[in-house]
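# Coordinates in review
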Amino acid sequence: MINLETIRKDFPFLERSIDGRRVIYLDSANTSQKPNQVIDAMSAFMRDAYAPINRSAYRMAAAATDAYEGARAKIATFVNAPSADEVVFSRNATEALNLFAQGWSRARLSPGDAVVLTHMEHHANVVPWQMMAAERGIELRWIPLTDDGHLDLTDLDRLLDGAKVLSFTAMSNVLGTLNPVRLLCDAAHQAGAIAMVDACQSVPHSVTDVVAMGADLCAFSAHKMLGPSGIGALWGRSEILEALPPLLGGGNMIDDVRLDRFTCAPVPAKFEAGTPAIVEAIGFGAAIDYLSSIGMAEIRRHEMDLTRYALDSLTERFGSDITIHGPANVEERGGVISFAFRDLHPHDVSQVLDEKNVCVRAGHHCAKPLMRQMGANATVRASMYLYNDRSDVDALCEGLAGANDIFGF
Amino acid sequence: MPGLEDLYREIILDHYRNPRNRGEIESPPATIVEGHNPLCGDEITLHLLIADGVVSDVKTAGQGCSISQSSASMMTQAVIGRPVNEARAIIHRFKHMMSIEDHVHDEHLESPPLGDLEALQGVVKFPVRIKCAVLAWNTLAQALDESGV
């Protein structure tokens, strides 16, 4: 069992109060709060151990390099990557997705080649491919949705026929839907396509095993999993990373440079041009230590319990006044709850909740194609993490009830 | 934090519940412009009809929050029947009230008073909502530009 009392004490943000009331943070699918363990690891590194990595011979620099590479090894273990060299540091999941989409399209795809995406993708897994479709003449195909917010796999074989890449999210950032990752990766491979998984919503909340997923590549961000902003990771099978060209050129990514040519450093340095986010890598590693100390299976159990409580509470209290999007079964969804409340605009709902210090996201959640499918231009989204408890859900319900007073229902 | 009563004034809620000048005008002769708020996904389609240098009709369609919808509704009332130069002056005056534009004083043209629109003054205390309030206005400005007057 998760000890909420202990966990909440680790997060200084959650101890805050504004106007004498505590802050209810329900926006972790957007970005997560940080525990003292991460904050302290980063500030201690900056205070006591900061030095360049990979380029200087003095002991402090060697120690900093070890710390940076140590963080990479922690990430590899966390997602069960066969080798730490298969973990590339990026700025975030968005950059990781761009790294693959742009690099692979330019190096390996020809006009007319098909890339398959889904209607529930975040813009980060849509726009890079659209950019490449425009630049390289790639065909984009889309897996549609069912009415209950799952992927509609009826035509999967036809969509994958002849496709070179299937790139999809492991968990919808709007609907919360958990997709059948293994099934999709296997189907992609059967069709001869590469399987790229946008896992930035799933990695922070459940056990991740890139081998068991059957994926070829997998992207995620530190800031959604208790780590700092400014760093993320791309895991890829080594054969694919070997064949993938770098996105940025510069220091650290080269083997040799002459006036008329350069050769690349081995993976993963090939993809890490320039001084990287060293302090953030330390923080990323500390976040993984923290999550591991609690256990991802425990976190998933806690969030399932809390999601069930939230779905029940919202439905019981507001009945037909609330429309909750996505699967009803918590086995099939993460702790992301998007909803429409009466006919109020999400901005207005969020504004009313903000007065009660309840932090939710209101908007299109960087998934405008999905929003159009849903016939909405925005939703309110409450998203949960290991540090949330039932009192947070109760505060959300109280806040929503308060919307009545203002808008006169 | 400023109170919600500063934001959700009664006149704003009235325009939100009963928006004025909703709909479409046939094009041509009307100019149609779409506006987007990239942050929240709100969309507005504005139809503008100009006759003899006067804004003879404006209609808006689309979805949005109480602030964007009421702002659009009040805007149509403020500019319909005004000469184009006065309509532009009202746009400047409104954006000035939203603290996103310096008011350019034109001694030859006194901008008409904002009237009901003054109720949106409170939006300035909620900076993230300023974009909601000015969406219709930016769209109108674009429509005036595109209509070539």
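Since this is a predicted model, take the numbers as computed values, not measurements. (Residues numbered from 1 in each chain as written. Chains lettered and ligands numbered in written order. Predicted model: local features only at pLDDT ≥ 70, side-chain atom pairs only at ≥ 80, totals over all residues. Heavy atoms only, no water.)

## Things to note about the packing of aromatic side chains
One pair of aromatic rings is described through two measures. These are the centre distance and the angle between the planes. All names here are of chain A. The cut-off we apply is this: Classification of ring pairs uses Phe, Tyr and Trp, with its six-membered ring standing for Trp, and accepts pairs whose centres are within 6.5 Å; under 30 degrees between planes counts as stacked, over 60 as edge-to-face, and the remaining range as tilted. To qualify as a helix, a DSSP run of H or I must reach at least 4 residues; to qualify as a strand, a run of E must reach at least 2; elements of each kind are numbered from the N terminus. When a residue's accessible area, from a 1.4 Å probe over protein chains only, is under 20% of the maximum for its type it is buried; when over 50% it is exposed; and in between it is partly exposed.
The final tally for this structure, using the stated rule, is 14 aromatic pairs over all chains. Ring centres of Phe100 and Trp129 lie 6.1 Å apart, and the angle between their planes is 70°; this geometry places the pair in the edge-to-face category. Taken together, the residues Phe100 in helix H5 (residues 93–108) and Trp129 in helix H6 (residues 127–136) connect sequence positions 29 residues apart. Assessed through its relative accessible area of 0%, Phe100 is described here as buried. Cluster of aromatic residues (ring-pair linked, three or more members): Phe11, Tyr290, Tyr385 and Tyr387.

## Some points on unusual backbone geometry
In this structure, A:Pro268 follows A:Val267 across a cis peptide bond, with omega equal to 5°. Position of A:Pro268 relative to the elements: it lies in the loop between strand E12 (261–264) and helix H11 (278–294). B:Pro28 follows B:Ser27 through a cis peptide bond whose omega is -15°. One non-glycine residue, A:Leu226, adopts positive backbone phi at about 75°. Mapping A:Leu226 onto the fold places it in the loop between strand E9 (217–221) and strand E10 (232–236). A:Leu226 sits in the buried class, given a relative accessible area of 0%. Despite not being glycine, B:Asn21 has its phi angle at roughly 55°, a positive value.

## Brief notes about the sheet that holds strand E1 (residues 31–36) of chain B
Residues and elements named next belong to chain B. As a reminder, the rule being used: A pair of strands is considered paired only if DSSP assigns at least 2 bridges between the two. Axes, fitted as lines to C-alpha atoms, cover a helix only where it is in contact. Angles between the N-to-C directions of the axes lie from 0 to 180 degrees.
The 3 strands lie next to each other as E1-E2-E3, forming an open sheet whose pairing is antiparallel. Each edge of the sheet is formed by a strand with only one pairing partner; in this case those strands are E1 and strand E3 (54–63). Direction aside, neighbouring strands of the sheet carry axes that sit 20° apart on average. Relative to strand E2 (residues 43–51), E1 is paired through 6 bridges, and the arrangement is antiparallel.

## As for the domain arrangement of chain A
Interface size is often expressed as the accessible area that is lost when the parts come together. Residues and elements named next belong to chain A. Let me state the cut-off plainly: What fixes the domain bounds is an automatic or database domain assignment. Any pair of residues with heavy atoms lying within 4.5 Å of one another is described as a contacting pair. Once two parts are put together, the accessible area they lose, assessed with a 1.4 Å probe and summed over both, is termed the buried area. What counts as a salt bridge is simple: a side-chain nitrogen of Lys or Arg found within 4 Å of a carboxyl oxygen of Asp or Glu. Under this definition, polar contacts are N or O atom pairs within 3.5 Å; protein pairs additionally need one hydrogen-donor-capable and one acceptor-capable atom, and for neighbouring residues in sequence, both atoms have to be side-chain atoms.
In terms of domains, chain A is made up of domain 1 (4–30 + 295–407) and domain 2 (39–293). On a C-alpha basis, the centroid separation for the pair domain 1 and domain 2 is 28 Å. Between domain 1 and domain 2, the contact holds 37 residues from the first and 33 residues from the second. A buried area of about 2,700 Å², summed over both sides, lies between domain 1 and domain 2, and 61% of it is on carbon and sulfur atoms. For the domain 1 face of the interface with domain 2, the top three residues by lost area are Met296, Leu370 and Tyr385, together amounting to 23%. Here domain 1 and domain 2 share 0 salt bridges between them. Linking domain 1 to domain 2 there are 19 residue pairs in polar contact (both at pLDDT 80 or more). When residues of the side of domain 1 that touches domain 2 are traced back to their parent elements, those giving at least two are helix H12 (296–318), strand E14 (336–341) and helix H14 (368–374). For the side of domain 1 that touches domain 2, the element with the most residues is H14, which contributes 6 residues.

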